[in-house]
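If you want the building blocks of each chain, they are given just below.
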Amino acid sequence: HERQLSALSQRIAGEIGDTVFLVEHPHVYTYGRGSNLAELMPVTPVESRAPVELVPVERGGGVTYHGPGQHVAYPIIDVRKKTGDMHKFLRWLEDVIILTIAPWGLEGDHHPEHTGVWVSGRKIASLGVAVRQWISYHGIALNVSTDLRYFGAIHPCGLSPEVMTSMEQLTGRSIPFADVKSRFVEEIQK
């Protein structure tokens, strides 16, 4: 988080160009500016595991889960130069994910009422973005081999936990995380 905020300040100052951080988080729940207590409570451990940390963040959106097997990207990008419009920027990020998952036979789509990427009515990727002086930060979480049970302790982005899915759940096969990351890098660079 500190590295992201530092890069944000550097991008605002023009000291660096557009940058994207790629991470795979340990188990954590984050909640953005759009959260309410009904989404946050109760956060319970999965199968007697230790409670998962609950962290407030600056992004929009509600509570969500991040953890192993989830490809997370934090784009520090000048929105004005990229799309000139925040809504177009969000659609652009969704398109990057749609193109990323396509080689595995997954047909992603935009949802008319919710951000994120959806496949056959299930949410495979979440978006939660913040912007300061037209520079984006926070970002995208794509479920590759994510343990979806962790979503069962919350209402992810205000939705039923059953709506969440992963690439591996939809394809029924193991998907190399490194391959997804490489594909994402190719698509966001385009």
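The coordinates are above.
As the structure is a prediction and not an experimental result, all values here were calculated from the model.

Draft legend 1. The sheet that holds strand β3 (residues 53-56), seen in detail. Spatial ordering of the open sheet is given by β3-β2-β4, a layout of three strands whose pairing is mixed. The open sheet has two edge strands, β3 and β4 (63-66), and neither has a second partner. With strand direction ignored, the average angle separating the axes of adjacent strands in the sheet is 30 degrees. Looking at chain direction, strand β2 (residues 28-31) and β4 are connected through four bridges and run antiparallel.

Draft legend 2. Representation of the layout of surface pockets in the model. Approximately 490 Å³ is the volume attributed to the largest pocket. If you go around the largest pocket, you meet 29 residues; those closest to its centre are Q4, H25, H66, Y74 and H138. The element contributing the most residues to the lining of the largest pocket is strand β8 (residues 135-143), with four residues. Across the lining of the largest pocket, the residue classes break down as 12 nonpolar, 14 polar and three charged.

Draft legend 3. Layout of the sheet that holds strand β5 (residues 70-76). On the basis of which strands lie adjacent, the open sheet formed by five strands has the order β1-β5-β8-β7-β6 and antiparallel pairing. Of all strands in the sheet, those with a lone pairing partner are β1 (19-23) and β6 (117-119), marking the two edges. Strand-to-strand twist across the sheet, computed as the mean angle between neighbouring axes with direction ignored, equals 15 degrees. Note: strand β7 (residues 122-132) against β8, eight bridges, orientation antiparallel. Residue pairing in the sheet places G128 in a bridge with G139 of β8. Docked against the sheet, helix α4 (residues 86-101) engages β5, β6, β7 and β8, running at close to 140 degrees with respect to β7.

Conventions and cut-offs
- Residues numbered from 1 in each chain as written.
- Predicted model: local features only at pLDDT ≥ 70, side-chain atom pairs only at ≥ 80, totals over all residues.
- Heavy atoms only, no water.
- Pairing = 2+ DSSP bridges.
- Helix = DSSP H or I, 4+ residues; strand = E, 2+ residues; numbered from the N terminus.
- Axes fitted to C-alpha atoms, helices over the stretch in contact; angles between N-to-C directions.
- 1 Å grid on protein atoms, 1.4 Å probe; cavity = no way out; pocket = protein on both sides within 12 Å on 5 of 7 lines; lining within 4 Å.
- Points joined across faces, edges and corners; volume = space filled by probe spheres on them.
- Nonpolar A, V, L, I, M, F, W, Y, C, P; charged D, E, K, R; others polar.
- Contact = heavy atoms within 4.5 Å.

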